[in-house]
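Each chain, written out:
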Amino acid sequence: MKLVYFAWVRERIGLSEETVDVPDHVVTAGDLIRWLAGRGDAYAHAFEAAAQIRVAVDQEHVPQDAPLGPAREVALFPPMTGG
Amino acid sequence: MAVDEPAPVPAQLDVRVQAADFDVGAEIARLHAGRTDVGAVASFVGLCRDEGGTLAALELEHYPGMAEMEIRRVAEAALARWPMLTAVTAIHRHGRIPPGDRIVLVAAASPHRTAAFEAAEFLMDFLKTRAPFWKKEHRLDGTEGAWVAAKDTDDAKADRWR
C-alpha cells in the first residue's frame, strides 16, 4: 500500500511517501494510524494526536472508521488550512 | 414535454490549482462571456494576510490531483444545490505567496443574485474545510514559522449548509 503524507505529518515522519506491507489486523483508517504510530519515535510524534489526523483513500476523504479495502493510495494529513 | 422549451445549457465549471496568479477581472468576464441570461456574478478573493508585520510569505502545500478533484466535488455540490447557476469558477494557488497576494478565487454566475451570493459562500466554506491545502508561515527574520492551525469556526461555517 502506498502511503503519502502532507504538512506536519510529512515533516515529523521525514518522508513524503512510502510503500508499506500492512498487517492483516489493520482494517480501518484508524487501525492504520495506530499501527503507524508504533513504528518509531518519528511516527509516534506524527500521530500523537490521532483523532486530528485526516485520511484520504485513493484521493477521497474517509472517516477513520472506514475500512481501507483495496486502497492503492492512502494519504494522512492534518486538518486542512487552504482558502 | 414542451417542444418550445430551449434545451438547458449545462453550467460551466472551471476548477484550477496553479502556482501562478490569476486576473480577477478576466475570470469574472469569462463567467458570462457570450451570454445575456446571466444577471449576477458574485466573487470572493482570498489574500495572504500578515497580522503582525512578521510574515515573509505563506507556503501553500497541496495534494496534487486530490486538490483539483475535491474542489470539483464541492463545485458540483454547489451546482446541484443551486441548479440555476450558469457558471462556477474556483482557482486556488499553491507555492510561496507573499502578504497581499491573491491565494484563492471563487465566483458564481446566475440569472439572479441570491444563488450567486450563496453559492460563493458555500464554495469557500467547503473549500476551506475539504480541499487538501496546508499553509506554513515563513518569517521575515528568516526563521521557519508554524503551520497554520485549522479553526473550529471554519468547520462550524461548513456545517451550517448541512
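Everything here concerns the structure above.
Here is what the cut-offs are and how they apply
- Residues numbered from 1 in each chain as written.
- Chains lettered and ligands numbered in written order.
- Predicted model: local features only at pLDDT ≥ 70, side-chain atom pairs only at ≥ 80, totals over all residues.
- Helix = DSSP H or I, 4+ residues; strand = E, 2+ residues; numbered from the N terminus.
- Buried ≥ 20, exposed ≤ 12 C-beta atoms within 10 Å, placed from the backbone.
- Contact = placed C-beta atoms within 7 Å.
- Nonpolar A, V, L, I, M, F, W, Y, C, P; charged D, E, K, R; others polar.
- Pairing = 2+ DSSP bridges.
- Axes fitted to C-alpha atoms, helices over the stretch in contact; angles between N-to-C directions.

Any chance you could explain the overall build of chain B here in plain terms?
A count of helical and extended segments in chain B gives 4 helices and 8 strands. Counting from the amino terminus, chain B carries its helices and strands in the arrangement β-α-β-β-α-β-β-β-α-β-β-α. Dimensions of chain B, computed from C-alpha atoms along their principal axes, come out at roughly 70 × 35 × 25 Å. For chain B, the residues scored as buried account for 32% of the 162 residues in total. Of all intrachain contacts in chain B linking residues separated by at least 6 positions in sequence, the fraction that spans at least 24 positions is 78%.

Before we go on, may I ask you to explain the environment of Val55(A) in this structure?
Residue and element names in this part refer to chain A. Within the fold, Val55 resides in strand β3 (residues 54–57). Residue classification places Val55 among the buried positions, given that 21 C-beta atoms sit within 10 Å. For the pair Val55 and Leu76, spaced 21 residues apart in the sequence, the C-alpha separation amounts to 4.9 Å. Ignoring anything within four residues of it in the chain, the contact list for Val55 reads Ala29, Val62, Gln64, Val74, Ala75 and Leu76.

I'm lost on the interface of chain B and chain A in this one. Help?
Interface extent is often summarised as the accessible area lost during association of the parts. Counting residues at the interface gives 22 residues for chain B and 14 residues for chain A. Breaking the side of chain B that touches chain A down by element, the ones donating at least two residues are β3 (55–62), α2 (66–81), α3 (113–130) and β7 (133–139) of chain B. A per-element tally of the side of chain B that touches chain A places α3(B) first, with 5 residues. Of the residues belonging to the side of chain B that touches chain A, the class tally is 14 nonpolar, 4 polar and 4 charged.

Could you clarify how one ought to interpret the sheet that holds strand β1 (residues 12–18) of chain B in this entry?
Hydrogen bonding along the main chain pairs the strands of a sheet, whether they run parallel or antiparallel. Residue and element names in this part refer to chain B. The 4 strands are arranged β1-β4-β6-β2 in an open sheet whose pairing can be described as mixed. The sheet is open, and its two borders are formed by β1 and β2 (40–47), each paired with just one other strand. Across the sheet, the axes of successive neighbouring strands diverge by a mean angle of 5°, strand direction being ignored. The sheet contact formed by strand β4 (residues 87–93) and strand β6 (residues 102–110) spans 6 bridges and is antiparallel. Looking across to β6, one finds that Thr89 is bridged to Ala107. Contacts from α2 reach β1, β4 and β6, with the element oriented near 155° to β1.

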